[in-house]
Amino acid sequence: MELLELVPDDLGDDLARRVRKLVHSTWPEDAAKEGDYYRNLATPTAVVILREASEVFAHLAIYEREVGVGSETLEIGMLGGIVVAPEQRRRGHSRVLIRHAHARLQGRCIPFSILFAYEPKVYASSGYKLMQNATRFIDADGSLKTFVYRGSMYAELSERRWLNQLLDLRGGTV
Ligand SMILES: CC(C)(COP(=O)(O)OP(=O)(O)OC[C@H]1O[C@@H](n2cnc3c(N)ncnc32)[C@H](O)[C@@H]1OP(=O)(O)O)[C@@H](O)C(=O)NCCC(=O)NCCS
């Protein structure tokens, strides 16, 4: 098993195709959209991949974003596109991807990571807690929305404590 961290532009055709296949097998609705999988959302600063020989079986995208928390502007990490191939699930692979993402963010002195979970229990052992914050974000239709986003979670990556204040994503969710 090999772990790779790359910027999306360095994936190359073969890896990009394998990543798309994995992601689209989980979220087929994305396959129907025109254009590039990443750029349709927001471009990640890095993607982390696990592969066995040439087969990509796990993927996570790291976004680094300036957001507002209360009156403060802060750079945080956002994790998205977390997917592990069905036959490889429940073996700790998502934990490995997240641990790697956290090390990268900590190396850049980024104090928090957030994600939007379908199943919050999966992320508890990686240090994530459910947020109480109202989140402001730009929805897929371009409108500005503010509400407590179900399944939004944060992890503290340094001594700093997360604040329960308005989180303004200044963009979309991932
Ligand atoms: C969610 C997903 C990424 C988890 O990947 P995984 O490699 O199987 O997860 P891990 O083996 O690393 O497990 C991490 C923890 O979650 C738990 N877990 C994994 N799948 C779970 C599930 N479906 N329900 C509840 N808990 C689950 C594990 O028991 C483990 O708990 P622990 O660390 O407390 O022991 C994978 O199931 C997947 O790709 N699902 C489809 C896509 C998806 O929903 N992505 C998430 C978008 S936010």
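Residues numbered from 1 in each chain as written. Predicted model: local features only at pLDDT ≥ 70, side-chain atom pairs only at ≥ 80, totals over all residues.

(A) Molecular detail of the pairing of strand β7 (residues 135-138). Sheet topology note: the β7/strand β8 (residues 144-147) ladder contains four bridges and is antiparallel. Following the sheet pairing, Arg136 is matched in β8 by Thr146. In the sheet, β7 pairs with strand β10 (residues 167-168) via two bridges, with the strands oriented parallel. Looking at the pairing, Arg136 lines up with Asp168 of β10. (Pairing = 2+ DSSP bridges. Helix = DSSP H or I, 4+ residues; strand = E, 2+ residues; numbered from the N terminus.)

(B) Up close: helix α1 (residues 12-26). Relative to the 21 Å expected for 15 residues at 1.5 Å per residue, α1 spans 22 Å between its end C-alpha atoms, a close match to the ideal helical length. Within α1, burial applies to Val19, Leu22 and Val23. Down the axis, α1 shows its buried residues gathered within 90 degrees of arc, on one side only. Among the exposed residues of α1, those oriented more than 90 degrees off its buried face are Asp13, Asp14, Arg17 and Ser25. (Expected span 1.5 Å × (residues − 1). Buried ≥ 20, exposed ≤ 12 C-beta atoms within 10 Å, placed from the backbone. Arc of directions from axis to C-beta.)

(C) Looking closely at the site of the ligand. As a structural note, the neighbourhood of the ligand is formed by 17 residues, with Arg89, His93, Ser94, Val122 and Ser125 the closest of them. Looking at the shell around the ligand, the elements with two or more residues in it are β4 (72-84), α4 (93-107) and α5 (121-124). (Near = placed C-beta within 6 Å.)

(D) Here's a closer look at the environment of Leu60. With respect to the helices, strands and loops of the structure, Leu60 is situated in strand β3 (residues 55-69). Along the chain, Leu60 and Asp13 lie 47 residues apart, while their C-alpha atoms are 18 Å from each other. Ignoring any residue separated from it by four or fewer positions in sequence, one finds Leu60 in contact with Val48, Leu79, Gly81, Ile82, Leu97, Ile98 and Ala101. (Contact = placed C-beta atoms within 7 Å.)

(E) Summary view of the environment of Ile110. Counting through the fold element by element, Ile110 comes out in the loop between α4 and β5 (112-116). Judged by local crowding, Ile110 falls into the partly exposed class, with 19 C-beta atoms found within 10 Å. Residues Ile110 and Val84 lie 26 residues apart in sequence; the distance between their C-alpha atoms is 25 Å.

(F) Spatial organisation of the nonpolar core. Within the largest apolar cluster, 39 residues are counted, with the highest numbers of intra-cluster contacts made by Leu60, Leu79, Leu97 and Ala101. Only α1, β2 (46-52), β3, β4, α4, β5 and β9 (152-156) provide two or more residues apiece to this core. Excluding residues that lie within four positions of it along the chain, Leu97 makes contacts with Val48, Leu50, Ala58, Leu60 and Ile82. (Core = buried A, V, L, I, M, F, W, Y, C linked by C-beta atoms within 7 Å.)

(G) Layout of the pairing of β4. Bridge analysis of β3 against β4 gives 11 bridges, and the strand direction is antiparallel. Within the sheet, the bridge partner assigned to Ala61 lies in β4 and is Gly80. Between the parallel elements β4 and β5, the chain passes through α4 in a crossover that is right-handed. (Right-handed = clockwise from strand over helix to strand, strands pointing away.)

(H) Local environment of the environment of His100. For His100, the location among the structural elements is in helix α4. Sequence spacing of His100 and Val48 is 52 residues, and the spatial spacing of their C-alpha atoms is 8.0 Å. In this structure, His100 is in contact with Leu3, Glu5 and Val48, ignoring residues within four places of it in sequence.

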